[in-house]
There are 2 protein chains.
Amino acid sequence: MNSDFINLETILSIFSTDFEKKLMSFLPKTLFFSNKLNKAMQYVVKVGGKRLRPLILNEISSILGVKKENSDRVAVGIEFIHCYSLVHDDLPAMDDDDLRRGHPTCHVKFDEATAILVGDAFQSLAFEIISHKKTHNNSEVRCNLITELAKSSGAEGMVGGQMLDLEAERKTLSLEKIFELQRLKTGELFRFSCIAPCLLAEKYDELEIFENFSSKLGLAFQIKDDLLDVEGNIIDVGKKTGKDHKQGKETLVSLLGIENAKKKSQDLIEESIQIIEPFGEKAQNLIDLANFIISRNK
Amino acid sequence: MNSDFINLETILSIFSTDFEKKLMSFLPKTLFFSNKLNKAMQYVVKVGGKRLRPLILNEISSILGVKKENSDRVAVGIEFIHCYSLVHDDLPAMDDDDLRRGHPTCHVKFDEATAILVGDAFQSLAFEIISHKKTHNNSEVRCNLITELAKSSGAEGMVGGQMLDLEAERKTLSLEKIFELQRLKTGELFRFSCIAPCLLAEKYDELEIFENFSSKLGLAFQIKDDLLDVEGNIIDVGKKTGKDHKQGKETLVSLLGIENAKKKSQDLIEESIQIIEPFGEKAQNLIDLANFIISRNK
């Protein structure tokens, strides 16, 4: 393990602990005779995660000179959207997962109705936080962030991708179609994490650069996820593995083959790094993070 | 049936036909290899509804002089939030309803996974539409609308109310607690419909008046809903009736008794009308609408 990587592990760990406190501070209070919704939302946050999207958002924000108090709120918003999508995806009617990050999923720990409501509540909360003036002095910027986040997460973004993914179980798909499906399902939220800092900094000339960066990073992330499903073990990954194969589902890995998939994800990460190298030293954490995306074992 | 009522029936019917076209125009396009999500969202819109919230919003907007092109977009937003809540509430893990407005519910017509995603997509779409500059020139106004809609529909609003309602099945509740539960579950979206026009008109002095109006109207609406569950028949109401009683669930009607509940809702509507009478002739449609809320049979 080289020193860059040790450095990144430290960054990830410090960020994650600090960021969890921020996430918790935005959760709703106990309702007047029930704390179940509140407890379930806390549980989902506490079960944790890599917090990759917020970390990417914060690193690009720091490159572009965005104030931390502003980028932090948008980072909380995107993570809550991510939380909602995981809770709903894990439901029996969807991916039917009992385990997430080594812990019972929300509907197993609580019940299905609670998990549906938890997801719904996380989604509203994300938009509520971003709409608040503490997120940015300029309300035009806040509106742009909301438009982009809603598009990225909605029917023509993440939710559409999830629908296609469910449909894909009964179809033979070309590599091109799987790329498109994954662009919607996971790529769109990565795109938002990468362009939100440009909106916050009101640096619209940088939008294309970071959009380009995100499309390579998102796809590399997805290939690595599919590789972990094939090669990872349940203890490291923290959820059932081998699921895609069992469901006869075509993935980027099943179509490319393991070796080509590894090479493809490596190439994509190298290309993504080339895009941000011009930002020099300020981009070092982001470069480490890009490398981490394909070297991780969970 | 008096002439005011015939007039209102015509207004409701014209509004509803015209408004459905508007709702349809905002739905997402077919995705690149599946039209299932799109079809399911169209289905939910086509199954229809009374469109009460958008109509109230538009009537108050007209009293306050808001441009129709602005109020229409917020009305679409609130109706999409209402659509999402119905689709999720009907799910087997929640209220488990097969029938809504005389048609199979979304998860029966399609499947559960699709219904979950349809609800999620309607929610994002609502915020996307309101965030767009066509909703209002002033982005501060758009942000205020989003903050209020997110609060009204989230964990400390509608979703919280739904959670309490599920919890209530196992509890004995006082009348006061049921009032509070219903204020969250249905009252909050009524509140948004009534205050959104003040935000659009930037007439902040009127906020309290219409907030007060909404709290009486919302509660009267809920008592009428509970009465329809007891006294209505499945053909008129378009969904299973007698459910609350069957589930041993306490409602405003079971606690007040049928006659007192009728009187309470009548009193509330009269009080709500007194609040808006000072607006004179411009408020006539809204007054008819308030009367309709307790005279309806579905």
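Rules used throughout
- Residues numbered from 1 in each chain as written.
- Chains lettered and ligands numbered in written order.
- Predicted model: local features only at pLDDT ≥ 70, side-chain atom pairs only at ≥ 80, totals over all residues.
- Least-squares fit on C-alpha atoms with pLDDT ≥ 70 in both.
- Core = buried A, V, L, I, M, F, W, Y, C linked by C-beta atoms within 7 Å.
- Buried ≥ 20, exposed ≤ 12 C-beta atoms within 10 Å, placed from the backbone.
- Contact = placed C-beta atoms within 7 Å.
- Helix = DSSP H or I, 4+ residues; strand = E, 2+ residues; numbered from the N terminus.
- Nonpolar A, V, L, I, M, F, W, Y, C, P; charged D, E, K, R; others polar.
- Axes fitted to C-alpha atoms, helices over the stretch in contact; angles between N-to-C directions.
- Parallel < 35°, antiparallel > 145°, perpendicular 65-115°, else oblique.
- Left-handed = near helix turned anticlockwise from the far one by under 90°.

All right, on to the relation of the copies chain A and chain B then. You can overlay chain A on chain B at an RMSD of 0.0 Å; the transform is a turn of 180° with a shift of 0.0 Å along its axis. Such a turn and shift between the copies fits a two-fold axis. Measuring from the rotation axis to each C-alpha of chain A, the shortest distance belongs to S139(A), at 2.7 Å.

For the rest of this paragraph, the subject is the nonpolar core. V118(A) and V118(B) are the most contacted members of the largest nonpolar core, which has 169 residues in total. Not counting chain neighbours up to four residues away, the residues in contact with V118(A) comprise L37(A), A40(A), M41(A), V44(A), V87(A) and C106(A).

Turning next to the interface of chain A and chain B. Between chain A and chain B, the contact holds 45 residues from the first and 45 residues from the second. Per-element tally for the side of chain A that touches chain B: the top contributor is helix α6 (residues 112–131) of chain A, with 12 residues. For the side of chain A that touches chain B, the class distribution of residues is 22 nonpolar, 12 polar and 11 charged.

All names here are of chain A. Running from N to C, helix α4 (residues 68–89) and α6 point in directions that differ by 165°, and their axes come no closer than 8 Å. Of the possible angle classes, the one that applies to α4 and α6 is roughly antiparallel. Considering the relative orientation of α4 and α6, their crossing is left-handed. Of the residues in α6, those touching α4 at R73, V74, V76, G77, F80, I81, C83, Y84, V87 and H88 are A115, V118, G119, F122, Q123, L125, A126, I129 and I130. Partitioning the contact of α4 with α6 into residue classes produces 14 nonpolar, four polar and one charged.

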